[in-house]
Amino acid sequence: MLRDSGLLPDLAVVSTGARARQTLESMLGDDGVQTWPTRRVYDGGLDGVLEAVREVPDHVEVLWVVGHEPVMSTSAWELTDPGRTGPALREAMSSGMPTATAAVLELDVPWSEVDLGCARLVGRHTGRGEEPDG
């Protein structure tokens, strides 16, 4: 689970869709994490996700973006620099993400500068276990 990996968020940007909000609530429990529901993650596609992420304050170190397929896997795929990601993880992401799966990305830029190819895919977690990082 993400929280067990030290990835409890400082902020969670979440789709306004009921299932995404329910998923986030079940993952966070009573941890009191600030959430930003936004329709841009629900129906804004990759551009909507980028817009939402670019508004995140600089003090946020760990951000969760909770949404729907295929937008979440497309966003992770497009944000990832293939030259900075292991081939096993890149291959695992090539066909999308199953339900209850998270892509873990590392960034070297401020949230306001997030753009295509700016991240390194460092892991993939599912509710059913972890994929190898790679």
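Before any of the text, the structure's been laid out above.
We now turn to the structure provided with this report. As a convention, each chain's residues are numbered from 1 in the sequence order in which they are written. Local features in a predicted model are, by the rule used here, given only for residues with pLDDT of at least 70; side-chain atom pairs are given and counted only at 80 or more, and totals for whole chains, interfaces and linings are based on all residues. Derived side-chain values reflect all non-hydrogen atoms in the structure, with water molecules and hydrogen atoms excluded from consideration.

1. Describing the overall build of the chain
By the criteria applied, helices consist of DSSP H or I runs no shorter than four residues and strands consist of E runs no shorter than two, each listed in order from the N terminus. Across its full length, the chain carries five helices and six strands. Within these notes, the globule rule equals 2.2 Å times the number of residues to the 0.38 power, and the radius of gyration is based on C-alpha atoms. For 134 residues, the compact-globule formula gives about 14 Å, and the C-alpha radius of gyration of the chain, at 14 Å, lands near that figure. In the chain, buried positions account for 38% of the 134 residues. Long-range pairs, those at least 24 residues apart, make up 64% of the contacts in the chain between residues at least 6 apart in sequence. Note on areas: these come from Shrake-Rupley sampling with a 1.4 Å probe, and a residue is covered only by the protein chains present in the view. Total accessible area on the chain stands at roughly 7,300 Å², and carbon and sulfur atoms take up 47% of it. Of the side-chain charges in the chain, 11 are positive and 22 negative, and the distance between the mean point of each set is 6 Å. In this scheme, a residue with accessible area under 20% of its type's maximum is buried, one over 50% is exposed, and one in between is partly exposed, where area comes from a 1.4 Å probe on protein chains only. Contacts between residues were defined by any pair of non-hydrogen atoms, one from each residue, lying within 4.5 Å. In summary, the charge assignment counts Lys and Arg as positive and Asp and Glu as negative, without counting His or the chain termini. Charged side chains are reduced to one point each, which is NZ for Lys, CZ for Arg, CG for Asp and CD for Glu.

2. A few points about the nonpolar core
To form a nonpolar core, buried Ala, Val, Leu, Ile, Met, Phe, Trp, Tyr and Cys residues must be joined to one another through side-chain atoms within 4.5 Å. Ranked by internal contacts, the top residues of the largest apolar core, which has 22 residues, are Val 13, Val 56, Leu 63, Trp 111 and Val 114. Taken together, the elements giving at least two residues each to this core come down to strand S1 (11-15), helix H3 (45-54), helix H4 (71-79), helix H5 (87-93) and strand S5 (119-126). Dropping the residues within four chain positions of it, Leu 63 is found in contact with Leu 11, Val 13, Val 53, Val 56 and Trp 111. Formed by twelve residues, the second largest nonpolar core is a distinct cluster that contains Leu 24, Val 33, Trp 64 and Ala 102.

3. Re the pattern of salt bridges
The rule for a salt bridge is simple: a side-chain nitrogen of Lys or Arg has to be within 4 Å of a carboxyl oxygen of Asp or Glu. Applying the stated rule across the entire model yields five salt bridges. Residues Arg 39 and Asp 43 are paired through a salt bridge, measuring 3.0 Å at the closest nitrogen-oxygen approach. Of the two residues, Arg 39 and Asp 43 both sit in helix H2 (residues 39-43), four residues apart, roughly one turn of that helix. Arg 54 serves as the salt-bridge partner of Asp 115, at 3.5 Å between the closest nitrogen and oxygen. Residue Asp 115 is found in the loop between strand S4 (101-107) and S5, and its partner Arg 54 is found in helix H3; the two are separated by 61 residues along the sequence.

4. Observations concerning the sheet that holds S1
Pairing between two strands is assigned when DSSP locates at least 2 bridges connecting them. Ordered in space as S2-S1-S3, the three strands form an open sheet in which the pairing is parallel. The open sheet has two edge strands with one neighbour each: strand S2 (34-38) and strand S3 (63-66). The average angle at which neighbouring strand axes cross in this sheet is 15 degrees, direction not considered. Bridge count for S1 against S3 is four bridges, and the pairing is parallel. Opposite Val 13, over in S3, you have Val 65 as the bridge partner. Lines fitted to the C-alpha atoms define the axes, with helices restricted to the stretch that makes contact. Angles between their N-to-C directions range from 0 to 180 degrees. The sheet contacts of helix H1 (residues 18-28) involve S1, S2 and S3, and relative to S1 the element is tilted by about 155 degrees.

5. Things to note about the packing of aromatic side chains
For Phe, Tyr and Trp, where Trp contributes only its six-membered ring, two rings pair if their centres lie within 6.5 Å, and the inter-plane angle classes them as stacked under 30 degrees, edge-to-face over 60, or tilted in between. In this structure the tally under the stated criterion is zero aromatic pairs. For a lysine, the NZ atom is tested; for an arginine, the CZ atom; a charge sits over a ring if that atom is within 6 Å of the ring centre and within 35 degrees of the ring normal. Just above the ring of Trp 77 sits the side chain of Arg 90; from NZ or CZ to the centre is 3.5 Å.

6. Things to note about the side chain of Ser 75
When you line up the elements, Ser 75 lands in helix H4. Discounting chain neighbours no more than four positions away, the residues touching Ser 75 are Leu 46 and Val 49.

7. Here's the deal with unusual backbone geometry
In this structure, the amide linkage connecting Glu 69 to the following residue, Pro 70, adopts the cis form with an omega of 5 degrees. Its location among the elements puts Pro 70 in the loop between S3 and H4. For Ala 100, which is not glycine, the phi torsion reads 65 degrees and is therefore positive. Positionally, Ala 100 belongs in the loop between H5 and S4.

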